[in-house]
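Observations on the model geometry
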Amino acid sequence: MIHSSVGLYHYLLVSGLLFGLGVFGVLSRRNAIAVLMGVELMLNAAGLNFVAFWRFKGDALDFAGPVFALMIITVAAAEAAVGLAIILSVYRRFDTVDVDDINLMDG
Amino acid sequence: MGEQITFILLALITLLPAAMVVTSRNIFHAGLWLLPTFVGIAGFFLTLGAEFLAAIQILIYVGGIMVLLLFAILLTRRIGDPEARMHNRLEGWAFIFAVAIAVILILSARQQFGDTAAPSPLPEGTTAKMGEALLGPYLLPFEIASVLLLAAIVGAIVMARGEGTPPKRLPPSRGGGKR
């Protein structure tokens with residue numbers, strides 16, 4: 001399994017580890033902004049996968065992979081803007097951004 | 001050989017800061033640790049022959065999203081309080097779950113794509129080709145992205161603006177009221 005050059009599996013390895021770190025951040029953090037950071041890590045891992053698959057498996061003249069990665073970056077920007085606006089209004093309302101303390105719908 | 005060294009360096013400057021992002025006790029430091037991670041991903045895009053994406057990654061993530069996150073952190077209290085708990089009580093389970101997901105992803109990738117041939121040669125200058133693709137076969141997603149951004153901007157402004165201007169609605173003698 002030892003290769004002389006960098007292959008698709010190595011990119012998938014890095015992206016899998018990055019995704020795992022993002023999952024850990026999303027699940028374990030209390031601060032809502034830190035949860036958003038975990039989401040950003042996961043989106044980055046997915047974008048890296050798209051480009052790696054395009055390079056190693058896809059048609060070099062069909063740019064579906066990079067275009068999808070570009071869409072992911074766009075969605076990430078929109079998600080950050082809307083997410084932070086939500087966090088801002090939650091902070092005004094509850095005076096905290098800890099996701100553990102925001103339990104208004106906890107019956 | 002140089003390719004491998006570049007890859008290992010990029011992997012290190014991507015993954016080690018990412019680990020700091022999710023474990024750092026200071027939320028502001030966690031936000032700053034995002035910088036090398038995003039730059040490392042941009043480096044991976046460069047080694048994969050997507051120069052345009054690398055530039056966009058730096059512009060949007062480092063110049064936009066990270067700065068936005070840091071601004072939002074500054075608006076919250078107890079930034080560097082060492083007493084504040086940064087992780088919830090399910091941290092152990094979260095760790096087990098995250099490791100399980102990473103192991104599943106990596107093992108399935110190894111099984112499916114463990115031995116890949118070298119990549120096919122790229123055409124010269126993928127940026128121009130990608131621009132043609134965006135305005136040709138992928139015109140619809142391109143336009144949908146602009147509509148999405150418009151909706152996100154309007155939505156973010158509406159939510160962040162708060163509940164109107166209190167002085168006009170509340171009687172001046174009472175004040176206060178619902179925050």
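Model, not experiment: these values are computed from the prediction.

Moving on to the overall build of chain B. Looking only at helices and strands, chain B has seven helices and zero strands in total. Put simply, chain B runs from its N terminus to its C terminus through helices and strands in the order α-α-α-α-α-α-α. A burial count over chain B gives 23% of its 179 residues as buried. Considering only residue pairs separated by 6 or more positions, chain B has 53% of its internal contacts joining residues 24 or more positions apart.

This paragraph deals with the nonpolar core. In this structure, A:I33, A:M37, A:V51, B:F45 and B:L69 are the most contacted members of the largest nonpolar core, which totals 71 residues. For this core, the secondary-structure elements that each account for two or more residues are helix 1 (8–28), helix 2 (32–56) and helix 3 (64–94) of chain A together with helix 1 (2–23), helix 2 (27–47), helix 3 (51–75), helix 4 (91–113) and helix 6 (139–160) of chain B. Ranked by residues supplied to this core, first place goes to helix 2 of chain A with 15 residues. Those residues in contact with B:F45 that sit more than four places away from it in its chain are A:V51, B:A50, B:L53, B:A54 and B:Q57.

Think of two packed helices as two axes; the pair is described by the angle between the axes and how far apart they sit. Residues and elements named next belong to chain A. Packing of helix 1 against helix 2 brings their axes to within 7 Å, and their N-to-C directions diverge by 165 degrees. One element, helix 1, and the other, helix 2, form an angle in the roughly antiparallel class. Of the two elements, helix 1 crosses helix 2, and the hand of that crossing is left-handed. Tallied by class, residues from the contact of helix 1 with helix 2 come to 18 nonpolar, six polar and no charged.

The next thing to look at is unusual backbone geometry. Residue and element names in this part refer to chain A. Of note, D95 is a non-glycine position whose phi angle comes to about 65 degrees, a positive value. Looking at the secondary structure, you find D95 in the segment after helix 3. Looking at D95, the number of C-beta atoms within 10 Å reads 11, which means it is exposed.

On the side of chain A, 65 residues touch chain B, which itself brings 75 residues to the contact. Listed by contribution, the elements that provide at least two residues to the side of chain B that touches chain A are helix 1, helix 2, helix 3, helix 4, helix 5 (126–135) and helix 6 of chain B. In terms of residues, the side of chain B that touches chain A owes the most to one element, helix 4 of chain B, which gives 13 residues. Considered class by class, the residues forming the side of chain B that touches chain A number 54 nonpolar, 15 polar and six charged.

With 22 residues, helix 6 of chain B should reach 32 Å at 1.5 Å per residue; the first-to-last C-alpha distance of 32 Å fits that figure. Three or more residues of helix 6 of chain B are buried, namely B:A145, B:A152 and B:A156. Buried positions in helix 6 of chain B, seen along its axis, are confined to an arc of 25 degrees and lie on one side of it. Every exposed residue of helix 6 of chain B that faces more than 90 degrees away from the buried side is listed here: B:L139, B:L140, B:E143, B:I144, B:S146, B:V147, B:L150, B:A151, B:V154, B:I157 and B:V158. Along its buried surface, helix 6 of chain B packs onto helix 3 of chain A.

Examined against the element boundaries, B:F45 turns out to sit in helix 2. In the structure, B:F45 is positioned 10 residues away from B:A55 in sequence and 9.1 Å away in space, judged by C-alpha atoms.

Relative to the 36 Å expected for 25 residues at 1.5 Å per residue, helix 2 of chain A spans 37 Å between its end C-alpha atoms, a close match to the ideal helical length. Burial of helix 2 of chain A is extensive: 21 of the 25 residues sit out of reach of the surface.

Now for the packing of helix 2 of chain B against helix 3 of chain B. Residues and elements named next belong to chain B. With their axes 8 Å apart at the nearest point, helix 2 and helix 3 run at an angle of 175 degrees to one another. If you check the angle between helix 2 and helix 3, you find them roughly antiparallel. Here I27, F28, G31, L34, L35, F38, V39, I41, A42, F45 and L46 of helix 2 come into contact with helix 3, specifically with E51, L53, A54, Q57, I58, Y61, V62, M66, L69, L70 and I73. Tallied by class, residues from the contact of helix 2 with helix 3 come to 19 nonpolar, two polar and one charged.

Attention now goes to the domain arrangement of chain B. Where interface size is given, it is often the accessible area lost as the parts come together that is meant. We note that the domain assignment places domain 1 (1–81) and domain 2 (125–166) within chain B. Each of domain 1 of chain B and domain 2 of chain B was reduced to a C-alpha centroid, and the two centroids are 22 Å apart.

All names here are of chain B. Mean pLDDT over chain B: 84, with 83% of residues reaching 70 or higher. No element of chain B has a lower mean pLDDT than helix 7 (residues 166–169), at 51, and none a higher one than helix 2, at 93. For this predicted complex, the interface confidence comes out at an ipTM of 0.90, alongside a pTM of 0.87.

Rules used throughout
- Residues numbered from 1 in each chain as written.
- Chains lettered and ligands numbered in written order.
- Predicted model: local features only at pLDDT ≥ 70, side-chain atom pairs only at ≥ 80, totals over all residues.
- Helix = DSSP H or I, 4+ residues; strand = E, 2+ residues; numbered from the N terminus.
- Buried ≥ 20, exposed ≤ 12 C-beta atoms within 10 Å, placed from the backbone.
- Contact = placed C-beta atoms within 7 Å.
- Core = buried A, V, L, I, M, F, W, Y, C linked by C-beta atoms within 7 Å.
- Axes fitted to C-alpha atoms, helices over the stretch in contact; angles between N-to-C directions.
- Parallel < 35°, antiparallel > 145°, perpendicular 65-115°, else oblique.
- Left-handed = near helix turned anticlockwise from the far one by under 90°.
- Nonpolar A, V, L, I, M, F, W, Y, C, P; charged D, E, K, R; others polar.
- Expected span 1.5 Å × (residues − 1).
- Arc of directions from axis to C-beta.
- Domains from an automatic or database assignment.
- pLDDT = per-residue confidence, 0-100.

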